[in-house]
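# Coordinates in review
Here is what each chain is made of, one letter per residue.
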Amino acid sequence: MELPLVVGVDGSESSLRAVDWATDEAALRGVPLRLVYASLWERYEGAALAEGVDRPSEQVMADNIVEAAARRAHRRAPELKVSTDILPDDAASVLLNEAHTAVALVVGSRGRGGLAELLLGSVGLKVAGRAACPVIVLRGDQDNQARAGTHRRVVLGVGEGPHAAEVTRFAFEEAETRKAALDAVRVWRCPTYESTDHPLLAGEPARLREQRAAEILDSALSKAAAEHPAVALRRRTAEGSARRILLDASDDADLLVVGVRRHHGLAGLQLGRVAHTLLHHSACPVAVVPQRG
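These figures come from a predicted structure and were not determined experimentally.

## Regarding the pattern of salt bridges
- Counted under the stated rule, the structure contains 15 salt bridges.
- The shortest N-O distance in the salt bridge between Asp24 and Arg76 comes to 2.9 Å. Highlighted residues: Asp24 in helix 1 (residues 13–29) and Arg76 in helix 4 (residues 57–76), separated in sequence by 52 residues.
- For Arg76, a relative accessible area of 29% gives the class partly exposed.
- Ionic pairing is found between Asp252 and Arg153, a salt bridge with its closest N-O pair at 2.5 Å. Taken together, the residues Asp252 in the loop between helix 9 (242–250) and strand 9 (255–262) and Arg153 in strand 6 (residues 153–157) connect sequence positions 99 residues apart.

## Thoughts on the packing of helix 9 against helix 10 (residues 273–281)
- One way to put it is that helix 9 packs onto helix 10 with a least axis distance of 9 Å and a crossing angle of 35 degrees. Relative to helix 10, helix 9 is oriented so that their crossing is right-handed. On helix 10, the residues that touch Ala242, Arg243, Leu246 and Leu247 of helix 9 are Arg273, Val274, Thr277, Leu278 and His281.
- Its residues assigned to classes, the contact of helix 9 with helix 10 comprises 5 nonpolar, 2 polar and 2 charged.

## Regarding unusual backbone geometry
- The phi dihedral of Arg152 is positive, around 50 degrees, even though this residue is not glycine.
- For Arg152, the location among the structural elements is in the loop between strand 5 (135–138) and strand 6.
- Backbone geometry at Lys179 places phi at a positive 55 degrees, although glycine is not the residue there.
- Tracing the backbone through its elements, the reader meets Lys179 in the loop between helix 7 (164–178) and strand 7 (181–188).

Thresholds, definitions, all that
Residues numbered from 1 in each chain as written. Predicted model: local features only at pLDDT ≥ 70, side-chain atom pairs only at ≥ 80, totals over all residues. Heavy atoms only, no water. Salt bridge = Lys/Arg side-chain N within 4 Å of Asp/Glu carboxyl O. Helix = DSSP H or I, 4+ residues; strand = E, 2+ residues; numbered from the N terminus. Buried < 20%, exposed > 50% of the residue type's maximum accessible area, 1.4 Å probe, protein only. Axes fitted to C-alpha atoms, helices over the stretch in contact; angles between N-to-C directions. Left-handed = near helix turned anticlockwise from the far one by under 90°. Contact = heavy atoms within 4.5 Å. Nonpolar A, V, L, I, M, F, W, Y, C, P; charged D, E, K, R; others polar.

So far we have only geometry, and geometry alone does not tell us how the molecule works.
What follows is the structure, given as structure tokens:
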């Protein structure tokens, strides 16, 4: 069975933008779109009320929301296979459960005006921090379209380790479906204790760190680059703060892709400082791809 792209809907402006973006993304990938609404009305009002002649107002509202979202998706992509479901749980739990049978999740960012506009809502943060599949969180002003990105540029923050290949493969696939260039960035820093004032050794620690960053970049990209030769790949090493460099890169990107480690058996959010910052402040949508180990 082909795994769907899943998006949570609740009737808000943020979720409608997420439906638009997810519709484009599903059409680009050639996968079904699944719209889910989280509702606790059965739990609170009781199964007896659900079986009555008059449907509870919460059920009517839920039906209306998912039907409107489905119509919106069909208007945007008439050939796309769209399914809907209303599930009896809170929004974060519904999406985390859906993640086990989804190709990816799409969630909207919350808040409008002032500081609130910068911050990701609690549902999006929980899902991005714990989901078993990639999560795309919509950030930025033009986050309601994936099909015709303004910049035609995907940015990948390159990590290291045996599981970094999952993130790299995802970024190449996203760039290829969009016919966009892929900018792969490996950030490095030279700790102060490694610097030296000796004139013959000045700059040596930094040179070695930069060389190591270039090696990591080449190792992480080589296999995926060979599998996706049509993707225009640009490699870059940069010294400094990963958070600052990737945030700057998001200013003229259509998607920013980062990996996060998932440690088996650990509860709570598993994001890391870099991903956490990007989810709150990126100028473009952020794809968080889980890495096992």
